[in-house]
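# Breakdown of the fold
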Amino acid sequence: MTVAPGGALLVVGDVVTDVVARHRGPLAAGTDTAASVRRLPGGAGANVACWAAHEGCAEVRLLGRVGTDAGAWHERELAACGVRPLLVVDAAAPTGTVICLVDTADSAERTFLTDSGASLRIGPDDWSDALLDGVDRLHLSGYLLFSEPSRALVSVALSAARARGVPVSLDPASAGFLAALGVDRFLGLVEGVDVLLPSRDEACLLTGLPDAADAAAKLSRHVPLVIVKQGAEGALVARSGGVSARVAAVTASPRDSTGAGDAFTGAFLAALLAGAEPGQAAAAGCRAGARAVERVGGRPPRTADRRAADG
């Protein structure tokens, strides 16, 4: 499907507060482990939106659900990244929180402890077809598939997008949650999606194949365009049952891998909207992922921060 360059992107997904604890080496059970701890805005959906805006997408909108505890803060942080926040405030549940344990001695790999909070309560009542006015692409965070209300929202949003001819992308989000949901159920829920952006582990889990290229090829028989994110090994582009491009990674000095996949996705979508071919867009994604791992947290520099640096 061809879209006009430079159109709006609507992201529907999670907005959470990240508590990033960077430590070195194994955690010391039963006692203290020295760490650098920061509270940062996060959420896969929100991160994708911020990186898309950072990469030049003219208009990025984000539909998400937050609690009264941190809603105003998240709205300000999103706006500072150039994203138009469309946040529903939930009076009955707090904003989701993710504790990110980052081992600085192990390629900045991270472990997540996730309390999705209000994010899991987003549902069809939070949707309006008017959200698609002026939108050329819709992106859905895979975390939407892990609760009944948000699964119903995915169905409604997909139907509305198909009716308007708006292409839809989805990032599976979490191999752990995918395993609990079930592969067959996942593939059924994403029927009608145009672009799937799994990590290597997610692609292998979804296909039962140990090789990422084989997994990408198999998935592309179900979804027209599959982009498998492989971190330091780059990315794979697959269509019509075969791998059509292998994109090299960009060398980086990792500090925190939180949000690297989100950075890839945001930059990839921004490039597609600007008229890039999938291979070119995947290369843009690899560049953004490399920049992301050199930062703490899942977001790019804020618009205001970039302006100050330029000035």
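Residues numbered from 1 in each chain as written. Predicted model: local features only at pLDDT ≥ 70, side-chain atom pairs only at ≥ 80, totals over all residues. Heavy atoms only, no water.

With that settled, consider the environment of Val166. Of note, Val166 is situated in the loop between helix H3 (148–164) and strand S9 (168–171). Residue classification places Val166 among the buried residues on the basis of a relative accessible area of 7%. Along the backbone, Val166 and Asp136 are 30 residues apart, and their C-alpha atoms lie at a distance of 5.7 Å. Each residue touching Val166, except ones within four places of it in the same chain, is listed here: Val135, Asp136, Arg137, Leu138, Ala161 and Asp194. (Helix = DSSP H or I, 4+ residues; strand = E, 2+ residues; numbered from the N terminus. Buried < 20%, exposed > 50% of the residue type's maximum accessible area, 1.4 Å probe, protein only. Contact = heavy atoms within 4.5 Å.)

Another point: the side chain of His74. Along the polypeptide, His74 turns up in helix H2 (residues 71–80). Residue class for His74 comes out buried when judged on its relative accessible area of 0%. At a separation of 3.0 Å, a polar atom in the side chain of His74 contacts the side chain of Thr17. Once you skip the residues sitting within four places of it in the chain, His74 turns out to touch Val15, Val16, Thr17, Pro41, Gly42, Leu87 and Thr95. (Polar contact = N/O pair within 3.5 Å; in protein donor to acceptor, adjacent residues only side chain to side chain.)

What follows deals with the packing of helix H8 (residues 260–273) against helix H9 (residues 278–293). Relative orientation of the contacting elements H8 and H9 amounts to 145°, with a least axis distance of 7 Å. As for the relative orientation of H8 and H9, their crossing is right-handed in sense. Here Ala260, Ala263, Phe264, Ala267, Phe268, Ala271 and Leu272 of H8 lie close against H9, whose contacting residues are Pro278, Ala281, Ala282, Ala284, Gly285, Cys286, Ala288, Gly289, Ala292 and Val293. Among the residues forming the contact of H8 with H9, the class breakdown is 15 nonpolar, 2 polar and no charged. (Axes fitted to C-alpha atoms, helices over the stretch in contact; angles between N-to-C directions. Left-handed = near helix turned anticlockwise from the far one by under 90°. Nonpolar A, V, L, I, M, F, W, Y, C, P; charged D, E, K, R; others polar.)

As a further point, take the nonpolar core. In this structure, Val12, Trp127, Leu138, Leu140 and Phe186 are the most contacted members of the largest nonpolar core, which totals 45 residues. It is H3 that provides the largest number of residues to this core, a total of 6 residues. Core analysis: the second largest hydrophobic core is formed by 35 residues, Val60, Leu78, Leu197 and Ala282 among them. (Core = buried A, V, L, I, M, F, W, Y, C linked by side-chain atoms within 4.5 Å.)

Counted by the stated rule, this structure contains 4 aromatic pairs. An angle of 80° between the planes, with centres 6.0 Å apart, marks the rings of Tyr143 and Phe146 as edge-to-face. For Phe146, a relative accessible area of 18% translates into the label buried. Between the aromatic rings of Phe146 and Phe177, the centroid separation amounts to 5.1 Å while the plane-to-plane angle is 55°, which identifies the pairing as tilted. Here the residue Phe146 occupies a position in the loop between strand S8 (135–141) and H3, and Phe177 occupies one in helix H4 (residues 175–181), the gap between them amounting to 31 residues. The partly exposed category is assigned to Phe177, whose relative accessible area is 33%. Ring pairs connect the aromatic residues Tyr143, Phe146 and Phe177, which therefore count as one cluster. We note Arg39 situated over the ring of Trp73; from NZ or CZ to the ring centre the distance is 3.9 Å. (Phe/Tyr/Trp six-rings, centres within 6.5 Å; stacked < 30°, edge-to-face > 60°. Lys NZ or Arg CZ within 6 Å of the ring centre and 35° of its normal.)

Turning next to the sheet that holds strand S1 (residues 8–12). Spatial strand order, S5-S4-S1-S8-S9-S10-S11-S12-S13: 9 strands in an open sheet with mixed pairing. Each of the sheet's edge strands pairs with one partner strand only, and the pair in question is strand S5 (84–90) and strand S13 (242–247). Summarising the sheet, strand S11 (residues 225–229) and strand S12 (residues 235–239) pair through 5 bridges and their orientation is antiparallel. Bridge pairing in S12 links Val228 to Leu236. (Pairing = 2+ DSSP bridges.)

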